[in-house]
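Here's the letter readout for the chains.
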Amino acid sequence: MKLWHCNGARSLRALWALEELGLDYELEVLPFPPRVFQREYLEVNKLGTVPYFVDGDTRMTESSAICQYLVDRYDGYSIGLKPEHPEYGAYLNWLHHADATLTFPQTISMRYYFLEPTPEKQAVADDYAKWYIARLRMLDAHLLEHEYLVDGRFTIADIAVSYALYLGLGLKMHENYQPQTMAYLERQMERDAFKRANEKGEPLVLPDVEK
């Protein structure tokens with residue numbers, strides 16, 4: 001197994017899952033964004049994005065899907081649920097809610113705040129930042145009564161959602177987090193596997209901008 005990774009990027013989800021499961025893997029850390037600063041990476045992944053994951057003949061580019069693959073392919077149900085579990089639907093929903101609903105507006109804001117800043121684009125970034133916070137409502141309500149997302153224990157759904165919250169720290173969106181949601185993120189960041197994964201590679205440093 002090999003994972004291509006940028007510190008702080010969505011590939012952290014896959015790396016965190018690998019660390020939680022104790023699997024053997026090779027890691028290549030790239031500068032962010034790799035399609036700009038390491039152009040030869042496009043020969044590996046035509047999209048130029050991270051993560052990129054290889055396991056034998058398997059090739060994957062989607063962070064939450066890689067987490068699900070690792071659980072199902074390597075019997076990693078210590079951090080996952082099987083289809084017959086009564087909360088399996090909720091588990092999958094949180095897993096994919098993390099990217100489709102939460103990380104999507106964040107990446108628009110990051111692009112226009114930090115990578116392509118103009119006054120016009122920063123107005124768009126502001127709108128998407130507000131959209132992201134609004135989209136935390138389901139999570140905020142759930143965390144009022146639950147420590148984890150499903151089954152009363154840590155799963156890859158927590159990895160996927162926690163990453164979105166963690167990215168919000170770097171984007172300075174966390175000031176609008178509800179107390180229970182911030183506390184949830186802080187608990188996940190105390191996990192040893194998260195700390196090991198997060199220490200690999202140079203930190204993602206975004207320039208300060210006026211928002």
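As a reminder, the structure under discussion sits directly above these lines.
Everything in this summary refers to the structure shown in the same document. (Residues numbered from 1 in each chain as written. Predicted model: local features only at pLDDT ≥ 70, side-chain atom pairs only at ≥ 80, totals over all residues. Heavy atoms only, no water.)

In total, this model carries nine salt bridges according to the counting rule given. Two residues, Lys-2 and Glu-26, come together in a salt bridge whose shortest N-O distance is 3.6 Å. Taken together, the residues Lys-2 in strand E1 (residues 2-5) and Glu-26 in strand E2 (residues 26-29) connect sequence positions 24 residues apart. Salt bridges linked by common partners bring Lys-2, Glu-26 and Glu-28 together as one network. (Salt bridge = Lys/Arg side-chain N within 4 Å of Asp/Glu carboxyl O. Helix = DSSP H or I, 4+ residues; strand = E, 2+ residues; numbered from the N terminus.)

With that out of the way, let us pick up the pairing of E1. Residues of E1 alternate between two faces, with Lys-2 and Trp-4 on one and Leu-3 and His-5 on the opposite face, all of them buried. Read as a crossover between parallel neighbours, the route from E1 over helix H1 (residues 11-21) to E2 is right-handed. (Buried < 20%, exposed > 50% of the residue type's maximum accessible area, 1.4 Å probe, protein only. Right-handed = clockwise from strand over helix to strand, strands pointing away.)

Attention now goes to the sheet that holds strand E3 (residues 52-55). The strand order across the open sheet built from four strands is E2-E1-E3-E4, with neighbouring strands paired in mixed fashion. Each edge of the sheet is formed by a strand with only one pairing partner; in this case those strands are E2 and strand E4 (58-60). Ignoring strand direction, the axes of neighbouring strands in this sheet form an average angle of 10°. As paired elements, E3 and E4 share three bridges and run antiparallel to each other. Its bridge partner lying in E4, Phe-53 is registered against Met-60. Seen against the sheet, H1 touches E1 and E2 and runs at an angle of roughly 140° to E1. (Pairing = 2+ DSSP bridges. Axes fitted to C-alpha atoms, helices over the stretch in contact; angles between N-to-C directions. Contact = heavy atoms within 4.5 Å.)

Glancing now at the packing of H1 against helix H3 (residues 63-73). At a minimum axis distance of 8 Å, the contact between H1 and H3 shows a crossing angle of 20°. Taken together, H1 and H3 sit at an angle that is classed as roughly parallel. Considering only the axes of H1 and H3, their crossing is right-handed. For the pair H1 and H3, contact is made by Arg-13, Ala-14, Ala-17, Leu-18 and Leu-21 and by Ser-63, Ser-64, Ile-66, Cys-67, Leu-70 and Val-71, respectively. Considered class by class, the residues forming the contact of H1 with H3 number eight nonpolar, two polar and one charged. (Parallel < 35°, antiparallel > 145°, perpendicular 65-115°, else oblique. Left-handed = near helix turned anticlockwise from the far one by under 90°. Nonpolar A, V, L, I, M, F, W, Y, C, P; charged D, E, K, R; others polar.)

Of the strand pairs in this sheet, E1 and E2 are connected by four bridges, and their pairing is parallel. Looking across to E2, one finds that Leu-3 is bridged to Leu-27.

Right, let's get into unusual backbone geometry. Residue Pro-51 is reached from Val-50 by a cis peptide bond, and omega for that bond is 5°. For Pro-51, the location among the structural elements is in the loop between helix H2 (34-37) and E3. A positive phi angle is found at Asp-75, which is not glycine, with a value near 50°. The topology assignment puts Asp-75 in the loop between H3 and helix H4 (88-115). For Asp-75, a relative accessible area of 57% corresponds to the exposed category.

None of this, on its own, says anything about what the molecule does.
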